[in-house]
Amino acid sequence: MASVFLVLVTFLLSINYSQQLQSSNFQTLLRIQQLLNFPSLRSWKNSTDFCNSDSNSSLTVVCYEDTITQLHIIGEGKTETLSKNFSVDSFVTTLVKLQGLKVLTLVSLGIWGPLPGKIARLSSLEIVNVSSNHFYGSIPVEISSLSNLQTLILDNNMFSGVLPIWIDLLSGLTVLSLKNNLFNGTLPNSVSNLDNLRILSLSHNKFYGVVPDLSHLRNLQVLELDDNAFGPQFPKLGHKLVTIVLRDNMFRSGIPADVSSYYQLKRFDISSNTFIGPFQTALLSLPSIAYINISQNKLTGMLFENVSCNSELEVVDLSSNLLTGSLPKCLASNSSDRTVSYARNCLETTNQNQQPPPFCHTEALAVGVLPERKKHKQVSKVVLTLGIVGGTLGGVAVFLLILFIVRRGNSRSKTKNPPRLISENAASGYTSKLLSDARYISQTKKFGALGLPNYKSFSLEEIEAATNNFDTASFMGEDSYGEMYKGQLKNGSYAVIRCIKMKKRYSTQNFMQHMELISKLRHRHLVSALGHCFECSLEDSSVSRIFLVFEYVPTGTLRSWTSDGHTGKSLNWTQRIGAAIGVAKGIQFLHTGIVPGVYSNNLKIEDVLLDHNLVAKICSYNLPLLSNIGKVRRGNSSNGFKQSSINKSGKHEDKCDIYDFGVILLEIILGRTIKTTNDAEAFKELLQASLGADEDGRRSIVDPAIRKACLEQSLKTMMEICVRCLIKEPAERPSIEDVLWNLQFAAQVQDAWRGDSQSSEGSPGSPQRTAFR
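Basis of the calculations
Residues numbered from 1 in each chain as written. Predicted model: local features only at pLDDT ≥ 70, side-chain atom pairs only at ≥ 80, totals over all residues. Heavy atoms only, no water. Axes fitted to C-alpha atoms, helices over the stretch in contact; angles between N-to-C directions. Helix = DSSP H or I, 4+ residues; strand = E, 2+ residues; numbered from the N terminus. Parallel < 35°, antiparallel > 145°, perpendicular 65-115°, else oblique. Contact = heavy atoms within 4.5 Å. Nonpolar A, V, L, I, M, F, W, Y, C, P; charged D, E, K, R; others polar. Expected span 1.5 Å × (residues − 1). Buried < 20%, exposed > 50% of the residue type's maximum accessible area, 1.4 Å probe, protein only. Polar contact = N/O pair within 3.5 Å; in protein donor to acceptor, adjacent residues only side chain to side chain. Core = buried A, V, L, I, M, F, W, Y, C linked by side-chain atoms within 4.5 Å. Disulfide = S-S within 2.5 Å. pLDDT = per-residue confidence, 0-100. Pairing = 2+ DSSP bridges. Salt bridge = Lys/Arg side-chain N within 4 Å of Asp/Glu carboxyl O. Phe/Tyr/Trp six-rings, centres within 6.5 Å; stacked < 30°, edge-to-face > 60°. Lys NZ or Arg CZ within 6 Å of the ring centre and 35° of its normal.

*Asks:* Looking at this structure, I do not really get the packing of helix 10 (residues 573-593) against helix 12 (residues 653-670). What am I missing?
*Replies:* Two measures define how a pair of helices packs: the angle their axes make with one another and the distance between the axes. At their nearest, the axes of helix 10 and helix 12 sit 11 Å apart, and the two run at 170° to each other. One way to sum up the angle between helix 10 and helix 12 is to call them roughly antiparallel. In this structure, helix 10 contributes Trp-573, Arg-576, Ala-580, Val-583, Ala-584, Ile-587 and His-591 to the contact, and helix 12 contributes Asp-654, Asp-657, Phe-661, Ile-664, Leu-665, Ile-668 and Ile-669. Residues belonging to the contact of helix 10 with helix 12 are distributed by class as follows: 10 nonpolar, 1 polar and 3 charged.

*Asks:* Explain helix 10 to me, please; I cannot follow it from the model alone.
*Replies:* Along an α-helix, residues three or four positions apart point the same way, because every turn accommodates 3.6 residues. Look at helix 10: 28 Å from first C-alpha to last across 21 residues, which is about the 30 Å you get at 1.5 Å a residue. When you tally the buried positions in helix 10, you get 18 out of 21 residues, the bulk of the element. Two or three places before Thr-574, at the opening of helix 10, Asn-572 has a side-chain oxygen 3.2 Å from that residue's backbone nitrogen.

*Asks:* So what exactly am I meant to see when it comes to the side chain of Asn-297 here?
*Replies:* By the element assignment, Asn-297 lies in the loop between strand 18 (291-293) and strand 19 (298-303). Judged by its relative accessible area of 5%, Asn-297 is buried. A distance of 2.9 Å separates a polar atom in the side chain of Asn-297 from the backbone nitrogen of Phe-275. A distance of 3.1 Å separates a polar atom in the side chain of Asn-297 from the backbone oxygen of Ser-295. If near-sequence neighbours (up to four positions away) are discounted, Asn-297 is found in contact with Ile-270, Ser-271, Ser-272, Asn-273, Thr-274, Phe-275, Ser-320 and Asn-321.

*Asks:* How do you make sense of the nonpolar core when you look at a structure like this?
*Replies:* Across soluble globular proteins, nonpolar side chains show a tendency to be buried alongside one another. Counting residues in each nonpolar core, the largest one holds 95 residues, and the members touching the most others are Leu-71, Phe-91 and Phe-268. Among the secondary structure elements, those contributing two or more residues to this core are helix 1 (2-36), strand 1 (59-64), strand 2 (67-74), helix 2 (88-95), strand 3 (103-107), strand 19 and helix 3 (329-332). Here the element with the most residues in this core is helix 1; it accounts for 5 residues. Those residues in contact with Phe-268 that sit more than four places away from it in its chain are Phe-234, Ile-244, Ile-255, Val-259, Leu-283, Ile-289, Tyr-291, Ile-292, Asn-293 and Ile-294.

*Asks:* Which parts of the structure should I look at to understand the state of the cysteines?
*Replies:* For the structure shown, the criterion picks out 2 disulfides. With a sulfur-sulfur separation of 1.9 Å, Cys-309 is cross-linked through a disulfide to Cys-330. Taken together, the residues span a long stretch of sequence, with Cys-309 in the loop between strand 19 and strand 20 (315-317) and Cys-330 in helix 3 at a distance of 21 residues. Both residues of the pair, Cys-309 and Cys-330, count as buried. Here Cys-346 pairs with Cys-360 through a disulfide, and the sulfurs are 1.9 Å apart. Taking the torsion about the sulfur-sulfur bond, which here is approximately 90°, the covalent link between Cys-346 and Cys-360 counts as right-handed. With a gap of 14 residues between them, Cys-346 in strand 23 (residues 346-347) and Cys-360 in helix 4 (residues 357-366) connect regions that are remote in the sequence. Cys-360 carries the same exposure label as Cys-346, and that label is buried.

*Asks:* Explain the confidence of the model for the chain here, please?
*Replies:* Detailed reading of the predicted coordinates is not advisable wherever pLDDT falls low. Per-residue confidence for the chain gives a mean pLDDT of 78; residues scoring 70 or more make up 75%. The secondary structure element of the chain with the lowest average pLDDT is helix 6 (residues 433-436), at 33, and the one with the highest is strand 16 (residues 267-269), at 97. Counting interchain partners and residues more than four positions distant, the pLDDT-below-50 stretch residues 370-449 has 81 contacts.

*Asks:* Looking at this model, I keep getting lost on the sheet that holds strand 23. Mind explaining?
*Replies:* In sheet architecture, strand pairing relies on hydrogen bonds along the backbone and comes in two forms, parallel and antiparallel. Reading across the sheet, the 4 strands line up as 17-19-21-23 and stay open at both edges, with parallel pairing between neighbours. Of all the strands in the sheet, just strand 17 (276-278) and strand 23 have a single pairing partner and so form its edges. As paired elements, strand 17 and strand 19 share 3 bridges and run parallel to each other. The residue of strand 19 that forms the bridge with Pro-278 is Thr-300. With respect to the sheet, helix 4 is in contact with strand 19, strand 21 (322-325) and strand 23, its orientation differing from that of strand 21 by roughly 135°.

*Asks:* What's the story with the sheet that holds strand 12 (residues 206-209) in this structure? I'm lost.
*Replies:* Strand order in this open sheet of 6 strands is 4-6-8-10-12-14, and the pairing throughout is parallel. Taken across any chain shown, the strands that pair with only one partner, and hence form the sheet edges, are strand 4 (112-114) and strand 14 (229-230). Inspection of the sheet shows strand 10 (residues 182-185) paired to strand 12 by 2 bridges, in the parallel sense. Bridging from a neighbouring strand, Asn-184 pairs with Lys-206 of strand 12.

*Asks:* Please clarify how the pattern of salt bridges should be interpreted in this entry.
*Replies:* Between side chains of opposite charge, pairing is possible as soon as their charged atoms come close. For the coordinates displayed, the defined rule picks out 16 salt bridges. A salt bridge links Asp-703 to Arg-576; the nearest nitrogen and oxygen atoms lie 3.0 Å apart. Note that Asp-703 is positioned in the loop between helix 14 (695-700) and helix 15 (712-725) and Arg-576 in helix 10, a separation of 127 residues in sequence. Since its relative accessible area comes to 2%, Asp-703 is described here as buried. On the accessibility criterion, Arg-576 (0% relative accessible area) is buried.

*Asks:* Before we go on, may I ask you to explain helix 15 in this structure?
*Replies:* The terminal C-alpha atoms of helix 15 lie 20 Å apart, and with 14 residues this matches the ideal 20 Å at 1.5 Å per residue to within 8%. Most of helix 15 is tucked away, with 10 of its 14 residues classed as buried. Considered for burial, the residues of helix 15 that qualify are Glu-712, Ser-714, Leu-715, Thr-717, Met-718, Met-719, Ile-721, Cys-722, Val-723 and Cys-725. For helix 15, the secondary structure elements touched by its buried residues are helix 10, helix 12, helix 13 (677-691), helix 14 and helix 16 (736-752).

*Asks:* What's the story with unusual backbone geometry in this structure? I'm lost.
*Replies:* Backbone geometry follows two general trends: most residues other than glycine have a negative phi, and most peptide bonds adopt the trans configuration. Residue Pro-232 is reached from Gly-231 by a cis peptide bond, and omega for that bond is 0°. Relative to the elements of secondary structure, Pro-232 occurs in the loop between strand 14 and strand 15 (243-245). Phi angles above zero are rare outside glycine, and Asp-227 is one such case at about 60°. Structurally, the position occupied by Asp-227 is in the loop between strand 13 (222-224) and strand 14.

*Asks:* Sorry if this is basic, but what is going on with the packing of aromatic side chains here?
*Replies:* Given two aromatic rings, one states the distance between the centres and the angle between the planes to describe the pair. Per the stated rule, a full pass over the model turns up 12 aromatic pairs. Taken together, a centroid distance of 5.8 Å and an interplanar angle of 55° make the contact between Phe-234 and Phe-275 tilted. Separated by 41 residues along the polypeptide, Phe-234 in the loop between strand 14 and strand 15 and Phe-275 in the loop between strand 16 and strand 17 bring together distant segments of the chain. Geometrically, the ring pair formed by Tyr-494 and Tyr-552 is tilted, given 6.3 Å between the ring centres and 55° between the ring planes. Of this pair, Tyr-494 sits in strand 28 (residues 494-506) while Tyr-552 sits in the loop between strand 30 (543-551) and helix 10, and the two are 58 residues apart along the sequence. Looking at Tyr-552, the relative accessible area reads 15%, which means it is buried. Clustering of aromatic rings is evident, with ring pairs tying together Phe-135, Phe-159, Phe-183, Phe-207 and Phe-230. When the ring centre of Tyr-494 is taken as origin, the NZ or CZ atom of Lys-486, which lies over that ring, is 4.6 Å away.

Quick look at the structure:
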């Protein structure tokens, strides 16, 4: 009888304990509801049975034996905003009371702050996903104690610092995804000890250097390292990979031969690097391959028509390499299910803009692609090299001789019946009263286009000579304005030449006012116009092509010196303010320096170049000529930004540029790439919230490269004017003069403080990148 009583008491106590535990868990969820205060959580009440309630796409609670084991909260980001009093530390303090939690998903909730180390008190955690928030700082070392952790996803945040060397303490890790953050430094060798790793995704960060040996990771299937600065050697990998993405890094080695034995490989993307050596055509016939992109490298080799391809291939991009021979028939055949690109090689086809064969041979020699020979044949190797060079030069000479004969024959035939004439010095004799009385602000006189030759009208012969008769080696690309070529003028300086083809016939008189306006677009903070050239038809003297000549700025975009990070260089805080002032002065000149003003320029940070002295220059602006012929970019731009609000009457049209400038300021301050309007809005709110925080909180969200070097008052002033520029209502945005005053105040405050020179973090190195838009 006593034993039966004891069993009954034990049973009743266990029920009571279970009820207390369940009640404690539910109270914790209600406290989380109060802290987040999101509409999707308002259905929670004291009477809610969380373990048996219906889940939805934004909220899921999973229980096991009355213990909460999974919590999934997914917000909409742009519609749900945390209270200004929200504390990530208080939030995690509440969260860790759910001691049985194994799976935690907190996505797109706008959580802001460093990830507290106390999250490791949830010792049973197996899966953690806190992507698409505003976490910043380094990964807390306390996470190394989570011995059961299998998946760690921190994508789309602002985490920074290096990947910790203790990462291999998470021995059960199968997924490590850190995409789109601010991590930097080299990868520790301890990554190679994560034997269970299946997915390693480090895309869109600032990592650099040699990738550790990953060949021992037998289970690795997905490797995504794109948009970093890894290199120079192709990483050592295992053979079970399904996805390899190395795009947009600094690799410059050959592709290992064993890659062609990766029989599970479906996606292979090594584009936008400097890989050299032969392209292994065996990749095309791998049994699982569906996507191959090797574009924009220096890969060589001869292709043959009988090369076989996997029938499941969907995308093949071989463009911008040094390939020769014939395009394989399996790629040449028309198929609606397959996209094939092979432009800018030296293939035996007239399709897709091929280079002449000598170009590929010469370039291959330039990057050192020579046949391998044994070291003991050193003398013969030198002779062989000289023979190759001599043979190639001889081939080039023969080619040029044939080309000269053909061109001479063509020129004689043109003499008999010339189809075109060139209108030289067409600007002389035409004046525009509208521009003769143009007004100039004082800043224009002070910061006018210094050191530039006089604006002139070029002849077509000069344009052809500058571009080596529009040689493909001079071709820089094509945008919505037309083709672009890099040219060298008679005085030895370089220029960018835009070629605009006319779809309709206009006389030179139609363009003269435009040309005179363009001739005035010369300013220290603009990529200035140097001249123009008309190509006219002899039949009716109408303009068939216009060439616009601009100065060439070789040092790179402002983004590459702030938020891009590929080159390992970064502007310091004083230089960033100076660049912002330069952009603002360029905008001020476009708005008020000439009549009529140039507005709605759809400015982006990649449209700002830096010269050798790190002077900012706007390289893409709304030329009235291009608007007139319908070539100017309008509406949605390629990077996801929508045209700033402006009504049809043109009211507040100057404020469109103010908003775009605010987005540029965001990248300068945060050191983070902003791709869409939604991104800009989210980061504006982050900036606005930080203005109400203490100094440490405000400083913690800025780019780590300049965090220690910016004076508090200078930083706060920049943040405040940035937020004002991004106000939704155009009329409430500041004027460009107001913007300039605040920027100059921030610069003066910073200059008065001696601490800026004490930081070496922001010292830029030698320029390497070249860009023009």
